[in-house]
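What the coordinates show
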Amino acid sequence: MMRKMWVVFTILALWACNAQRADEGRANEAAATSEPTPAPENTVAAANVVAAESDDRSQFTSIDPVQCRLIEENVEEGGWWRRLCEGLAGYKLELSESDLRQDIVITSADGRRSELGLSDIVANGAFNSLGTTAEWRGADPASPQALIVRLDVASDPEGKNPDVSNLVVVRLKPPACIVAVVPPGSGQNEAARTIADGKLPACLKT
């Protein structure tokens, strides 16, 4: 009797072990074929560039201060600096910051300089900061007609509310000037490019 019970016990144990292995195999197969959960989009990084995708009329250069040549700097009395960034087709972009407000001076290939006045025209005197990418637009890559940059403008002096992230469209033909400011919203990049590719509006004034 004891021998028969031992045989039955052994058979039941083997059956349970095989069933467990089958369940583990099905679980592993399901894990291998399931779709991975996408990582959340880094919205902060996305807001800091002009656009993630573009057509063949766009070319990009960096206006990240870290990657541009330091011309002048004063770390005292609130601090200010000027940096020179290489553009396209002989253009150079001179960035400046003073009292937490930034601006660009565009120098064409023949040396003509144009100060854009971002703080006055776009930010109305509020604290502001540029994005790190400049987008050059034109049918001929060797002769861009317009520039698009991002300017984040403080919505309140204490920084309690998010900045307003505008796209600024600039006419490059000297004297270079701001011709449009595209507010944040759906289709912002496309709207800025449509302006840059068409007949450019008159220069905006303060």
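In the block above lies the structure referred to throughout.
The structure displayed is predicted, hence computed values, not measured ones.

Some thoughts on the state of the cysteines
Here is the idea: a disulfide is a covalent bond, and it sits between the sulfur atoms of two cysteines. This model, assessed by the stated rule, comprises two disulfides. Across the disulfide, Cys68 is cross-linked to Cys85 (sulfur-sulfur distance 2.0 Å). Taking the sign of the torsion about the S-S bond as the criterion, the disulfide between Cys68 and Cys85, at about 110°, is right-handed. Taken together, the residues Cys68 in the loop between strand 1 (58–62) and strand 2 (69–74) and Cys85 in strand 3 (residues 80–86) connect sequence positions 17 residues apart. Accessibility expressed as a relative area gives 8% for Cys68, which makes it buried. Sulfur-sulfur distance for the disulfide between Cys177 and Cys203 comes to 2.0 Å. Between Cys177 and Cys203, the S-S dihedral sits near -70°, and the bridge is therefore left-handed. With Cys177 in strand 11 (residues 177–182) and Cys203 in the segment after helix 4 (188–197), the pair connects residues that are 26 residues apart, well separated along the chain. For Cys177, a relative accessible area of 9% puts it in the buried group. Counting only the cysteines that form disulfides, in the order they appear in the protein chain, gives the pairing 1-2, 3-4.

Some remarks on the pattern of salt bridges
With the rule as written, the count across this model stands at ten salt bridges. Its salt-bridge partner being Arg82, residue Glu72 comes within 2.9 Å of it at the nearest N-O pair. With Glu72 in strand 2 and Arg82 in strand 3, the pair connects residues that are ten residues apart, well separated along the chain. Under the relative-accessibility criterion, Glu72 is labelled partly exposed at 34%.

Things to note about the packing of aromatic side chains
One pass over the structure, following the stated rule, counts one aromatic pair. Both rings, one in Tyr91 and one in Trp136, keep their centres 5.8 Å apart while their planes meet at 35°; by these two values the pair is tilted. Taken as a pair, Tyr91 in the loop between strand 3 and strand 4 (92–98) and Trp136 in strand 8 (residues 133–137) lie far apart in primary sequence, 45 residues in all. In this pair, the class of Tyr91 matches that of Trp136, namely buried. Note that Arg83 overlies the ring of Trp81, its terminal NZ or CZ placed 5.6 Å from the centroid.

Things to note about the side chain of Asp103
By secondary structure assignment, the location of Asp103 is in strand 5 (residues 101–107). Although Asp103 is buried, it forms no salt bridge, and the closest oppositely charged side chain is Arg113 at an N-O distance of 9.7 Å. Polar contacts involving the side chain of Asp103 include one to the main-chain amide nitrogen of Gly117, which spans 3.2 Å. Sequence-distant contacts of Asp103, that is, excluding residues within four places in its chain, are made with Glu94, Leu95, Ser96, Glu115, Leu116, Gly117, Leu118 and Leu130.

Thresholds, definitions, all that
- Residues numbered from 1 in each chain as written.
- Predicted model: local features only at pLDDT ≥ 70, side-chain atom pairs only at ≥ 80, totals over all residues.
- Heavy atoms only, no water.
- Disulfide = S-S within 2.5 Å.
- Helix = DSSP H or I, 4+ residues; strand = E, 2+ residues; numbered from the N terminus.
- Buried < 20%, exposed > 50% of the residue type's maximum accessible area, 1.4 Å probe, protein only.
- Salt bridge = Lys/Arg side-chain N within 4 Å of Asp/Glu carboxyl O.
- Phe/Tyr/Trp six-rings, centres within 6.5 Å; stacked < 30°, edge-to-face > 60°.
- Lys NZ or Arg CZ within 6 Å of the ring centre and 35° of its normal.
- Lys, Arg positive; Asp, Glu negative; His and termini not counted.
- Polar contact = N/O pair within 3.5 Å; in protein donor to acceptor, adjacent residues only side chain to side chain.
- Contact = heavy atoms within 4.5 Å.

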